[in-house]
Amino acid sequence: MQSFIQATGRLYHQALFASIQSFTRAWILIPVLLAFALGLILVTSLIAPLGMIGGFILGALNALVIGSTLSLTEQAVLGARRVSWPDVFPSMGQYFWEVISVGFMVWFPLLFLEMGLQTNPYQPLIATAVFFLIFVLLNPVPEVIYQSRNGSALEVVRESYEFVVENWIEWFLPVAIAFGPFGLTFFFQMSSQAGRRGGLDFWHLITLPFSVLSEWLSLLGVSSDMSFVIVLGLTPIVTVFMLFFRGHLFAALHRSSRRQRMFQSRIS
C-alpha cells in the first residue's frame with residue numbers, strides 16, 4: 001500500500017511538472033479556445049432555425065474544433081515545443097473523422113435507448129446509469145485519439161476501456177478530489193453531460209471547469225457576483241491546464257504498468 005501511494009504521488013508530481021512546462025510553451029491555446037467558443041456561439045445563432053440540419057452542422061463543427069484542440073494539445077504534450085499562431089490553421093481538420101466516428105458510435109445507440117425509454121418510469125435512473133458508464137469507460141478517449149492513433153472508432157473505444165480497467169484508480173483520483181466535496185448529485189450531473197458524446201463535446205470541455213470552479217468558490221464563501229468574474233477569467237486557463245495534465249498523466253500511465261511503477265518507487 002505504501003509503495004502504491006508513493007508511486008501514485010510521484011506520478012502526479014511528474015505529470016503536474018510536465019503540465020506546467022507545456023503551459024509555458026503553449027499558453028496560446030487559451031485565446032484559441034476562446035475564439036472557438038465565440039465562433040460556435042455565432043454559428044449556433046445563425047443556424048438555429050435549420051432544425052435537424054443545423055444539428056448536423058453543429059456536430060461537424062464540434063468535431064472540427066475538438067480535433068483541432070486535440071492536435072494542438074498533442075504538440076504541447078508530445079512535441080515538447082512552443083505552439084504559436086501559425087500552428088493553429090494546420091491543426092484544423094486534424095482528428096476530425098476520429099471524433100465524428102466515436103461521437104456517432106456513442107450517439108446512435110443512445111438515441112435509440114432514449115426513444116425506447118420514453119414511457120419507462122425509470123427512464124431518468126437508467127439514462128443516468130448509462131451516461132455514467134460511458135463517462136467512465138470512454139473518459140480517456142481524447143488522449144487515446146491523439147496519442148495511440150488507432151484506426152477505427154471501435155479500436156479507440158476498446159483501448160479506452162482497457163486503459164480504464166488497468167488504471168482506473170490513478171486516472172480518476174484527481175476527478176474524485178475535484179468533485180468530492182459536492183456530492184453524488186453534482187458528480188452524476190457532470191458525468192451525464194460528458195457521457196452523451198463520449199467526452200468529445202467542446203461545450204462540456206469548457207463548462208466542466210466553469211462548474212467545478214463555481215462550486216469550489218461557493219464552498220469557500222465567495223459571493224456569487226465575485227465568483228462569476230473570477231470563474232470567467234480562470235475557466236480558459238484551467239481548461240488548457242486540464243488538457244495538458246490529462247495528456248501527461250495518460251502518457252505516463254500508458255507506458256508503464258502499476259506493478260512497474262510500484263517497483264520503481266521502491267528502488268528509487
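The structure we're discussing is the one just above.
Just so it is clear, the model here is predicted, and its values are computed rather than measured. (Residues numbered from 1 in each chain as written. Predicted model: local features only at pLDDT ≥ 70, side-chain atom pairs only at ≥ 80, totals over all residues. Heavy atoms only, no water.)

(A) Local environment of the overall build of the protein. A count of helices and strands for the protein gives 12 helices and 0 strands. Listing the helices and strands of the protein from first to last along the sequence gives α-α-α-α-α-α-α-α-α-α-α-α. The C-alpha radius of gyration of the protein comes to 19 Å, within 12% of the 18 Å expected for a compact globule of 268 residues. Its C-alpha atoms put the protein at 60 × 50 × 50 Å along the principal axes. Split into buried and exposed, the 268 residues of the protein put 45% on the buried side. Contacts spanning at least 24 positions in sequence make up 78% of the contacts within the protein whose residues lie at least 6 apart. Accessible surface, the protein as shown: approximately 14300 Å² in total, 70% of it carbon and sulfur. Between the mean site of the 14 positive side-chain charges and the mean site of the 13 negative ones, the protein shows a separation of 10 Å. (Helix = DSSP H or I, 4+ residues; strand = E, 2+ residues; numbered from the N terminus. Rg over C-alpha atoms; globule rule 2.2 N^0.38 Å. Buried < 20%, exposed > 50% of the residue type's maximum accessible area, 1.4 Å probe, protein only. Contact = heavy atoms within 4.5 Å. Areas by Shrake-Rupley, 256 points an atom, 1.4 Å probe, with all protein chains shown as cover. Lys, Arg positive; Asp, Glu negative; His and termini not counted. Charge placed at Lys NZ, Arg CZ, Asp CG, Glu CD.)

(B) The arrangement of the packing of helix 3 (residues 52-77) against helix 5 (residues 96-116) in detail. Interaxial distance between helix 3 and helix 5 falls to 8 Å at its minimum, and their mutual angle equals 125 degrees. The pairing of helix 3 with helix 5 is recorded here as oblique in orientation. In the packing of helix 3 onto helix 5, the handedness of the crossing is right-handed. In this structure, helix 3 uses G59, A60, A63, L64, I66, G67 and L70 to contact helix 5, whose residues at the interface are F96, V99 and I100. (Axes fitted to C-alpha atoms, helices over the stretch in contact; angles between N-to-C directions. Parallel < 35°, antiparallel > 145°, perpendicular 65-115°, else oblique. Left-handed = near helix turned anticlockwise from the far one by under 90°.)

(C) Expanded view of helix 6 (residues 123-137). Here helix 6 is 15 residues long and its end C-alpha atoms lie 21 Å apart, about the 21 Å a rise of 1.5 Å per residue gives. All buried positions along helix 6 are accounted for by A127, F131, I134, F135 and V136. (Expected span 1.5 Å × (residues − 1).)

(D) The packing of aromatic side chains, seen in detail. For the structure on display, the rule yields 10 aromatic pairs. Taking 5.3 Å as the distance between ring centres and 85 degrees as the angle between the ring planes, the aromatic pair formed by F163 and W171 counts as edge-to-face. For W171, a relative accessible area of 4% puts it in the buried group. These aromatic residues form a ring-pair network of at least three members: F36, F202 and W203. (Phe/Tyr/Trp six-rings, centres within 6.5 Å; stacked < 30°, edge-to-face > 60°.)

(E) Representation of the nonpolar core in the model. L29, I145, F179, F202 and L249 are the most contacted members of the largest nonpolar core, which totals 64 residues. In terms of residue count, helix 8 (residues 153-179) provides more of this core than any other element does, 9 residues in total. Other than its neighbours up to four places away in sequence, L29 contacts L72, T73, V83, V240 and F244. (Core = buried A, V, L, I, M, F, W, Y, C linked by side-chain atoms within 4.5 Å.)

(F) Region of the structure containing the environment of V130. Secondary-structure assignment places V130 in helix 6. V130 sits 17 residues away from L113 along the chain, and the two C-alpha atoms are 9.5 Å apart.

(G) View of a nonpolar patch on the surface. Where nonpolar side chains cluster on the molecular surface, the patch consists of M52, F56, F104, W107, F108, F112 and M115 and spans about 810 Å² of accessible area. Going through the elements one at a time, helix 3 and helix 5 are the ones with two or more residues in the nonpolar patch. Looking at the nonpolar patch element by element, the count peaks at 5 residues for helix 5. As for its placement among the helices and strands, M115 is situated in helix 5. (Patch = residues over 30% accessible without salt bridge, like charges linked within 9 Å, V, L, I, M, F, W, Y side chains within 5 Å. Salt bridge = Lys/Arg side-chain N within 4 Å of Asp/Glu carboxyl O.)

(H) Just helix 10 (residues 202-219), in detail. With 18 residues, helix 10 should cover 26 Å at 1.5 Å per step; its first-to-last C-alpha distance of 27 Å lies within 8% of that length. With a side-chain oxygen positioned 3.2 Å from the backbone nitrogen of W203, the residue opening helix 10 is D201. Within two residues after helix 10, G221 carries a phi angle of roughly 90 degrees, on the positive side. (Polar contact = N/O pair within 3.5 Å; in protein donor to acceptor, adjacent residues only side chain to side chain.)

(I) Up close: the environment of V99. The topology assignment puts V99 in helix 5. Given the relative accessible area of 4%, V99 is considered buried. V99 sits 50 residues away from R149 along the chain, and the two C-alpha atoms are 12 Å apart.

(J) Structural view of the packing of helix 3 against helix 11 (residues 224-254). At a closest axis distance of 10 Å, the pairing of helix 3 and helix 11 adopts a crossing angle of 60 degrees. One element, helix 3, and the other, helix 11, form an angle in the oblique class. Considering only the axes of helix 3 and helix 11, their crossing is right-handed. Facing T69, T73, A76 and V77 of helix 3, the residues of helix 11 in contact are L243, F244, G247 and H248.

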